[in-house]
Amino acid sequence: VDHESGNIRPVAYSGFEDGYLSAIDITLADSATGNGPTGRAIRQGTYVICNNIGDDPQMKPWRTEALKRGYRSSAAFPIRLHGTVVGAISIYAEEPEFFNETEVQLLDEITRDVTFALDMLDEQARRTRAEKALAGSEERAKFLAEVLELSSQPFAVGLPDGSIGIVNPAFCELVGYTESELHSRTWTGITPPEYHEGEMAALR
């Protein structure tokens with residue numbers, strides 16, 4: 001599904017195609033070019049069967065090209081990614097009435113397997129990206145800590161609950177506490193009472 005153009009774009013095929021995919025247009029719209037099996041399967045989120053391309057009025061936009069290549073039946077099964085329909089598997093057969101109950105159940109099961117595999121692959125890709133980003137964050141944090149350690153400017157992180165996070169030696173020297181002492185105290189515990197309200201608002 002190409003949401004930008006509103007078209008359904010073929011990305012792969014197997015078997016006898018003979019230029020069919022480049023000769024046809026399928027859209028997401030509820031229109032002539034969106035009411036074939038593929039368009040309806042994607043919009044409705046359920047499989048759609050056409051067991052006689054020659055007679056089915058909804059196949060009119062593609063009938064000539066389909067019959068020219070010997071396609072007589074068609075079926076489309078929606079593919080989901082994390083629950084959202086993102087495409088379809090469309091299958092063509094040279095026999096009318098090809099898609100019986102057994103065939104449909106089998107193909108529906110295969111499509112569910114493809115959907116499951118896509119979900120797992122996407123989750124794995126997300127985890128890999130997150131791990132790389134985290135590794136980069138850890139490197140930046142390490143670099144920042146080294147810079148702060150050497151800095152003559154006082155630096156401390158106040159957390160939303162009022163506790164104290166990262167501090168550098170210059171800050172410890174300014175307030176007269178060691179780093180471990182600061183971690184066991186709160187921000188309001190080391191500053192005068194008249195500043196507490198404003199400081200806590202800033203931390204939040």
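In what follows, the structure referred to is the one given above.
Residues numbered from 1 in each chain as written. Predicted model: local features only at pLDDT ≥ 70, side-chain atom pairs only at ≥ 80, totals over all residues. Heavy atoms only, no water.

Caption draft 1: Broad picture of the overall build of the protein. On a plain count of helices and strands, the protein comes out with seven helices and five strands. In sequence order, the protein lays out its α and β elements as α-α-β-α-β-β-α-β-β-α-α-α. At 31 Å, the protein has a C-alpha radius of gyration far larger than the 17 Å of a compact globule built from 204 residues. Each principal axis of the C-alpha distribution contributes one length, and for the protein these read about 90 × 30 × 30 Å. Counting the 204 residues in the protein, one finds 30% classified as buried. Total accessible area on the protein is roughly 13,100 Å²; 53% of this is exposed by carbon and sulfur atoms. For the protein, the distance from the average position of its 18 positive side-chain charges to the average position of its 32 negative side-chain charges is 6 Å. (Helix = DSSP H or I, 4+ residues; strand = E, 2+ residues; numbered from the N terminus. Rg over C-alpha atoms; globule rule 2.2 N^0.38 Å. Buried < 20%, exposed > 50% of the residue type's maximum accessible area, 1.4 Å probe, protein only. Areas by Shrake-Rupley, 256 points an atom, 1.4 Å probe, with all protein chains shown as cover. Lys, Arg positive; Asp, Glu negative; His and termini not counted. Charge placed at Lys NZ, Arg CZ, Asp CG, Glu CD.)

Caption draft 2: Local environment of the nonpolar core. Counting 12 residues, the largest nonpolar core is built from Ile 8, Tyr 20, Ile 24, Ile 26, Ile 42, Cys 50, Ile 53, Met 59, Trp 62, Ala 66, Tyr 71 and Val 85. If near-sequence neighbours (up to four positions away) are discounted, Tyr 20 is found in contact with Trp 62, Glu 65, Ala 66, Arg 69, Tyr 71 and Tyr 92. Judged by nonpolar contacts, the second largest core, of nine residues, contains Phe 171, Cys 172, Leu 182 and Met 200. (Core = buried A, V, L, I, M, F, W, Y, C linked by side-chain atoms within 4.5 Å. Contact = heavy atoms within 4.5 Å.)

Caption draft 3: Summary view of the pairing of strand S5 (residues 164–167). Pairing of strand S4 (residues 156–158) with S5 involves two bridges; the strand directions are antiparallel. Its bridge partner lying in S5, Ala 156 is registered against Val 167. Hairpin connection between S4 and S5: a loop of five residues separates the two successive antiparallel strands, and Gly 162 in this loop has a positive phi of roughly 95°. (Pairing = 2+ DSSP bridges.)

Caption draft 4: Seen up close, helix H7 (residues 196–203). Those residues of H7 not exposed but buried are Glu 199, Met 200 and Leu 203. Axial view of H7: buried residues confined to an arc of 95°, hence all on one face. Exposed residues pointing more than 90 degrees away from the buried face of H7 are listed as Glu 197 and Ala 202. The secondary structure elements touched by the buried residues of H7 are S4. (Arc of directions from axis to C-beta.)

Caption draft 5: Layout of the side chain of Asn 35. Topologically, Asn 35 is positioned in the loop between helix H1 (20–23) and helix H2 (37–44). The class of Asn 35 is buried, set by a relative accessible area of 16%. Within polar-contact distance, the side chain of Asn 35 engages the side chain of Asp 30 at 3.0 Å. Residue contacts for Asn 35: discarding those within four places in its chain leaves Asp 30, Arg 40, Arg 43, Gln 58 and Trp 62. (Polar contact = N/O pair within 3.5 Å; in protein donor to acceptor, adjacent residues only side chain to side chain.)

Caption draft 6: Geometry of the pattern of salt bridges. A full pass over the atoms with the stated rule returns five salt bridges. The partner of Arg 126 in a salt bridge is Asp 122, and the shortest N-O contact between them spans 2.9 Å. Here Arg 126 and its partner Asp 122 are both found in helix H4 (residues 101–150), four residues apart, which amounts to about one turn of the helix. On the basis of relative accessibility, which here comes to 43%, the residue Arg 126 falls in the partly exposed class. Residue classification places Asp 122 among the buried positions, given a relative accessible area of 18%. (Salt bridge = Lys/Arg side-chain N within 4 Å of Asp/Glu carboxyl O.)

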